Amino acid sequence: DRDEAAFRTTSAFYRMLRRAAESESADLVLIDVGPNLGAINRAVLIAADHVVIPLAPDLFSLQGLRNLGPTLQRWRQEWGDRLSRNPDPDLILPAGKMEPAGYVIMQHAVRLDRPARAYERWARRIPEQYAESVLGLSGDHDLSAETDPRRLATIKHYRSLMPMAQEARKPMFDLKPADGAIGAHAQNVQAAYRNFEDLALAIAHRVGAPVAA
């Protein structure tokens with residue numbers, strides 16, 4: 001509210017990311033934040049043009065959506081109202097768009113190439129909850145997680161690859177036989193690569209980012 005120090009503090013992440021992107025000639029900046037709605041995440045998300053929401057198919061994620069959706073809408077409105085009160089016209093501020101780009105269903109268990117039934121029951125509830133809580137829409141009762149156009153990807157739980165990737169200090173999809181990725185592990189590495197590649201392309205398409213041929 002016309003407090004220059006407050007504007008500088010709230011926009012600090014944005015200015016830092018902008019400077020880093022310019023120095024590296026980056027077209028796209030990815031920001032990963034923890035699952036909380038505190039002041040730091042608010043400042044980070046205000047810097048973002050788009051928001052991708054990772055969800056586990058469980059009760060806690062659905063409850064989290066009910067909190068996250070209205071909070072994002074409130075933050076967007078409050079920041080938009082305050083932009084006109086910036087006392088320093090030379091201070092570069094984010095637009096605070098925070099447009100929902102979609103969601104990713106993560107860490108579901110797979111049995112016979114299909115999600116386990118318990119996970120599938122929760123996954124079926126995600127499209128309607130996302131539409132209502134994040135987009136303020138209703139009437140998507142017939143959408144499933146498989147047919148929902150707002151779902152960017154479904155990433156299964158690569159249980160054995162995670163500790164292996166942590167030990168090798170590299171992404172799961174970049175593990176090599178020297179890291180222990182042999183046999184079934186090697187097949188899972190290839191599947192993980194395809195999963196994350198599809199997710200990256202889906203996000204790039206959704207936000208209009210350039211994609212190398």
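Note that the coordinates shown come from a computational prediction; the quantities given were computed from them, not determined experimentally.

Rules used in this analysis
- Residues numbered from 1 in each chain as written.
- Predicted model: local features only at pLDDT ≥ 70, side-chain atom pairs only at ≥ 80, totals over all residues.
- Heavy atoms only, no water.
- Helix = DSSP H or I, 4+ residues; strand = E, 2+ residues; numbered from the N terminus.
- Expected span 1.5 Å × (residues − 1).
- Buried < 20%, exposed > 50% of the residue type's maximum accessible area, 1.4 Å probe, protein only.
- Arc of directions from axis to C-beta.
- Contact = heavy atoms within 4.5 Å.
- Core = buried A, V, L, I, M, F, W, Y, C linked by side-chain atoms within 4.5 Å.
- Patch = residues over 30% accessible without salt bridge, like charges linked within 9 Å, V, L, I, M, F, W, Y side chains within 5 Å.
- Areas by Shrake-Rupley, 256 points an atom, 1.4 Å probe, with all protein chains shown as cover.
- Salt bridge = Lys/Arg side-chain N within 4 Å of Asp/Glu carboxyl O.
- Lys, Arg positive; Asp, Glu negative; His and termini not counted.
- Charge placed at Lys NZ, Arg CZ, Asp CG, Glu CD.
- Axes fitted to C-alpha atoms, helices over the stretch in contact; angles between N-to-C directions.
- Parallel < 35°, antiparallel > 145°, perpendicular 65-115°, else oblique.
- Left-handed = near helix turned anticlockwise from the far one by under 90°.
- Nonpolar A, V, L, I, M, F, W, Y, C, P; charged D, E, K, R; others polar.

**Structural notes on helix α7 (residues 184–207)**
For α7, which comprises 24 residues, the first-to-last C-alpha distance of 35 Å matches the rise-based estimate of 34 Å (1.5 Å per residue) to within 8%. All buried positions along α7 are accounted for by Val189, Ala191, Ala192, Leu199 and Ala204.

**A closer look at helix α6 (residues 161–168)**
Listed in full, the buried residues belonging to α6 are Leu161, Met164 and Ala165. Buried residues of α6, seen end-on, are gathered within an arc of 100 degrees and therefore sit on one face of the element. Seen from the open side of α6, the exposed residues pointing more than 90 degrees away from its buried face are Gln166 and Glu167. If you follow the buried residues of α6, they end up packed against α7.

**Quick word on the side chain of Thr10**
Here Thr10 is to be found in helix α1 (residues 4–10). Residue class for Thr10 comes out buried when judged on its relative accessible area of 18%. The contacts of Thr10, once residues within four sequence positions are left out, are Arg42, Ala43, Ile46 and Trp79.

**Points about the nonpolar core**
Nonpolar side chains in soluble globular proteins generally cluster together in the buried interior. Judged by nonpolar contacts, the single largest core of 22 residues is most densely connected at Ile53, Leu72, Met98 and Tyr103. Listing elements by their share of this core, those giving two or more residues are α3 (39–46), β1 (50–55), α4 (59–83), β2 (99–108) and α5 (117–133). Examining the composition of this core, we find that six residues originate from one element, α4, more than from any other. Ignoring anything within four residues of it in the chain, the contact list for Met98 reads Leu45, Ile46, Ala48, Asp49, Val51, Leu72, Trp75 and Arg76. In this structure, Leu152, Leu161, Ala165 and Leu199 belong to the second largest nonpolar core, which totals 15 residues.

**Notes on a positive patch on the surface**
There is a patch of like positive charges on the surface, built from Arg66, Arg117, Arg121, Arg124 and Arg125. When residues in the positive patch are grouped by element, the largest group, four residues, is from α5. Relative to the elements of secondary structure, Arg121 occurs in helix α5. Exposure remark for Arg121: the relative accessible area of 43% places this residue in the partly exposed category.

**Focus: the packing of α3 against α4**
With their axes 11 Å apart at the nearest point, α3 and α4 run at an angle of 65 degrees to one another. With respect to α4, the axis of α3 lies roughly perpendicular. Taken as a pair, α3 and α4 cross one another with a handedness that is right-handed. Every residue of α4 that contacts α3 at Asn41, Arg42, Leu45 and Ile46 is listed here: Leu72, Trp75, Glu78 and Trp79. Tallied by class, the residues present in the contact of α3 with α4 amount to five nonpolar, one polar and two charged.

These figures capture arrangement, not role.
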